[in-house]
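Residue strings, one per chain:
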Amino acid sequence: MIIPLQVTWRNVPQSDAVEAAIRDKAQKLDQFYDRIVSCRALIEAAHRRHHKGNLYRLRLEIEVPDGEIVVTRDPGENHAHEDIYVAVRDAFDAARRQLQDYSAKRRGEVKRHDEQRTAEVMFTVPDEDYGFLRTADGREIYFHRNALINTSLDELEKGAEVLFVEEQGREGPQAKRVSLGKHHPPTQ
């Protein structure tokens, strides 16, 4: 159980049923990620004077070991948030997604982007759909026509600067996602 769970009401009369729904959702978050330190929920109505048609805002502040996850569900024009239970559900769904991301980062499961490098075109063989690049350190890297982005083999001239991502192929290093370098915009 999350200890402490604090629920604050602003421009909304306190409701035991809504508070029970919030406690239930918080309990499920705690079962999903058991290192939650505390949780605060602020519920407020957008318009104080109306009895029907009020849009509800919900703000969640969830403390975790390395910081805080904050979810603000501002209804905007979403009239589904005239139902306070929908606002609660949406806020806790967003909190769960943020906790999933936080948990994945802590476990080191963050998607890493491949490092993009520069090279120059050594030569191309358009009839056979391939070519070779020379890197700054003098290595030769094979590439296939299918690795080209926004250009074609016919447009690549010897010595042209390209950006690429290196990967290990069956017969050695090869380039994937090959595009013309920033100083050579693609022709149209």
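Residues numbered from 1 in each chain as written. Predicted model: local features only at pLDDT ≥ 70, side-chain atom pairs only at ≥ 80, totals over all residues. Heavy atoms only, no water.

Topic: the packing of helix α1 (residues 16–32) against helix α2 (residues 84–106)
For any two helices packed against each other, the geometry is given by the interaxial angle and the distance between the axes. Relative to each other, α1 and α2 sit at 15 degrees, their axes nearing to 11 Å. With respect to each other, α1 and α2 are oriented roughly parallel. Note on packing geometry: the crossing formed by α1 with α2 is right-handed. Across the interface between the two elements, Ala-17, Val-18, Ala-21, Ile-22, Lys-25, Ala-26, Leu-29 and Phe-32 from α1 touch Ile-84, Tyr-85, Val-88, Arg-89, Phe-92, Ala-95, Arg-96, Leu-99 and Gln-100 from α2. Of the residues belonging to the contact of α1 with α2, the class tally is 13 nonpolar, one polar and three charged. (Axes fitted to C-alpha atoms, helices over the stretch in contact; angles between N-to-C directions. Helix = DSSP H or I, 4+ residues; strand = E, 2+ residues; numbered from the N terminus. Parallel < 35°, antiparallel > 145°, perpendicular 65-115°, else oblique. Left-handed = near helix turned anticlockwise from the far one by under 90°. Contact = heavy atoms within 4.5 Å. Nonpolar A, V, L, I, M, F, W, Y, C, P; charged D, E, K, R; others polar.)

As for the pairing of strand β9 (residues 172–180)
Where strand β8 (residues 161–169) and β9 come together, seven bridges link them in antiparallel fashion. Counterpart to Glu-166 in the pairing with β9 is Ala-175. Between the end of β8 and the start of β9, which pair antiparallel, lie two residues. (Pairing = 2+ DSSP bridges.)

Considerations on unusual backbone geometry
If you check the backbone angles, Asn-11 has positive phi at about 60 degrees while not being a glycine. Structurally, the position occupied by Asn-11 is in the loop between β1 (5–10) and α1. Phi at Arg-177 is positive, roughly 50 degrees, even though this residue is not glycine. Mapped onto the fold, Arg-177 is located in strand β9.

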